[in-house]
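Breakdown of the fold
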Amino acid sequence: MLNSLNKYLQKWMPVLTPLSLVIGVLFENVGHQLLFLVPWLFAFMTFAGSLSMNFEGIKSLKKYPKVILVVIAFLHILMPIWAYFVSTVIFHDHLLTIGFVLAVAVPTGVTSFIWVSICRGHLALCLAIILIDTLISPVVIPALLHIVVGQTIEIDTIGLILDLLWMIVVPSLMGVALNEFTKGEIELTLGKKLSPFSKLSLFSIVMINSSAIAPYIKNISLELVSVILVVFLLAVSGYAFCLILGHILWKDISIITMFIFTGGMRNIAVGVVIATTYFPAKTVMPVVFGMLFQQVLASFFSRVTEKYQLKYAEG
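Note that the structure is predicted; figures quoted are calculated from it, not measured.

**Quick notes on the overall build of the chain**
Within the chain, the regular secondary structure consists of 16 helices and zero strands. In terms of C-alpha radius of gyration, the chain reaches 19 Å, essentially the compact-globule figure of 20 Å for 315 residues. Each principal axis of the C-alpha atoms in the chain carries an extent, and together these give about 50 × 40 × 35 Å. Residue pairs at least 24 apart in sequence account for 84% of intrachain contacts in the chain once pairs closer than 6 positions are excluded. As presented, the chain carries roughly 14500 Å² of accessible surface, and 72% of it is formed by carbon and sulfur atoms. Between the mean site of the 18 positive side-chain charges and the mean site of the 14 negative ones, the chain shows a separation of 11 Å.

**Notes on the side chain of Asn6**
Counting through the fold element by element, Asn6 comes out in helix H1 (residues 2-11). The contacts of Asn6, once residues within four sequence positions are left out, are Ser195, Pro196 and Lys199.

**Topic: the packing of aromatic side chains**
The relation between two aromatic rings is expressed through the spacing of the ring centres and the mutual angle of the planes. Enumeration over the complete set of coordinates arrives at 11 aromatic pairs. For the pair Tyr239 and Phe261, a centre-to-centre distance of 6.3 Å together with 75° between the ring planes defines the contact as edge-to-face. Placement of the pair is Tyr239 in helix H13 (residues 222-249) and Phe261 in helix H14 (residues 253-264), with a sequence separation of 22 residues. As far as burial versus exposure is concerned, Tyr239 and Phe261 are alike and both buried. Taken together through their ring pairs, the aromatic side chains of Trp115, Tyr239, Phe261, Phe300 and Phe301 make up a single cluster.

**A few points about the pattern of salt bridges**
Throughout the structure, instances matching the rule amount to two salt bridges. Asp93 serves as the salt-bridge partner of Lys282, at 2.6 Å between the closest nitrogen and oxygen. Of this pair, Lys282 sits in the loop between helix H15 (268-278) and helix H16 (284-314) while Asp93 sits in the loop between helix H6 (65-90) and helix H7 (94-105); the two residues are 189 residues apart in sequence, bridging distant segments of the chain. Comparing Lys282 with Asp93, the two get one shared label, buried. Across the salt bridge formed by Lys282 and Glu223, the nearest N and O atoms sit 3.4 Å from each other. One end of the pair, Lys282, is in the loop between H15 and H16; the other, Glu223, is in helix H13, and 59 residues separate them in sequence. Taken together, the salt bridges that share partners define one network made up of Asp93, Glu223 and Lys282.

**Topic: the nonpolar core**
If you look at the biggest cluster of nonpolar residues, it comprises 94 residues, and the most contacted ones within it are Leu145, Met258, Ile274 and Phe289. Setting aside residues no more than four positions away along its own chain, Phe289 makes contact with Leu21, Ile213, Ile217, Leu224, Val227, Ile228 and Val231. With five residues, the next largest nonpolar core counts Phe47, Ala48, Leu51 and Ile186 among its residues.

**What about the environment of Ile68?**
Turning to its location among the elements, Ile68 is positioned in helix H6. Accessibility expressed as a relative area gives 4% for Ile68, which makes it buried. Separated by 197 residues in sequence, Ile68 and Met265 have C-alpha atoms that sit 16 Å apart. Those residues in contact with Ile68, other than ones at most four positions away along the chain, are Ser60, Leu61, Leu125, Ile129 and Ile132.

Conventions and cut-offs
Residues numbered from 1 in each chain as written. Predicted model: local features only at pLDDT ≥ 70, side-chain atom pairs only at ≥ 80, totals over all residues. Heavy atoms only, no water. Helix = DSSP H or I, 4+ residues; strand = E, 2+ residues; numbered from the N terminus. Rg over C-alpha atoms; globule rule 2.2 N^0.38 Å. Contact = heavy atoms within 4.5 Å. Areas by Shrake-Rupley, 256 points an atom, 1.4 Å probe, with all protein chains shown as cover. Lys, Arg positive; Asp, Glu negative; His and termini not counted. Charge placed at Lys NZ, Arg CZ, Asp CG, Glu CD. Phe/Tyr/Trp six-rings, centres within 6.5 Å; stacked < 30°, edge-to-face > 60°. Buried < 20%, exposed > 50% of the residue type's maximum accessible area, 1.4 Å probe, protein only. Salt bridge = Lys/Arg side-chain N within 4 Å of Asp/Glu carboxyl O. Core = buried A, V, L, I, M, F, W, Y, C linked by side-chain atoms within 4.5 Å.

What follows is the structure, given as structure tokens:
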């Protein structure tokens, strides 16, 4: 039954994610009262996702150090610069700029593993990047935010680092350690059972946190439409840049495929939690809207990747 539920939720993610956002906006008063649950839900989600990971992927550090460095640099240098440039050119609003940069500066999405697997990409390398990127997030995200925020807003850096450790690093290490200890059996026993609850946790996080942006969404304005369009532009360009860069840098099709999804997807839920906890509500807008396109674009680019693979194989 849990397996069927998981497949159903996976299939309808592109619909259920925006639906969760709409429900959160409509019932904003309920969302405000449930904010205390978000870090716990996120920690659970991270733990469940980490049960499929092991330290084997770290060996990829020795084998593919340059590839890993390129992916990390793309995620935390190139895309934040691109997001900063686009948002400052289109909007003259510092809070929105912080939101756009935060939306692309968060770690790569754990669900990128699913798409890399579907498109026959380099799985070991994908897992290594997810794990490494997750572990460095308590250093990278506060550093990037400090650069972007400047002196205009005070950030509780220690609080942010502790939150990232508690929500991402600790549950990840626990999941990986359990996977290692049980020699991968826990993924088949507990991991598969937790998968549907993990997805339900994601919908709950979107629902609860979208209550913060309810005042902005209820009045549909040109700014709101512009924010959604720019979020879409950044999301599409992330995948497209990865495909182009990957084609230039590497000959191995499995590495290019891995790069498309690890570079294109983000752990947006953590960005939403950071935005709602540490910044004014307006900052949350670009981050939350990123969730609308994540799975839809991953599905679209999986087809683009398959066509590219066929052309590459024929070539």
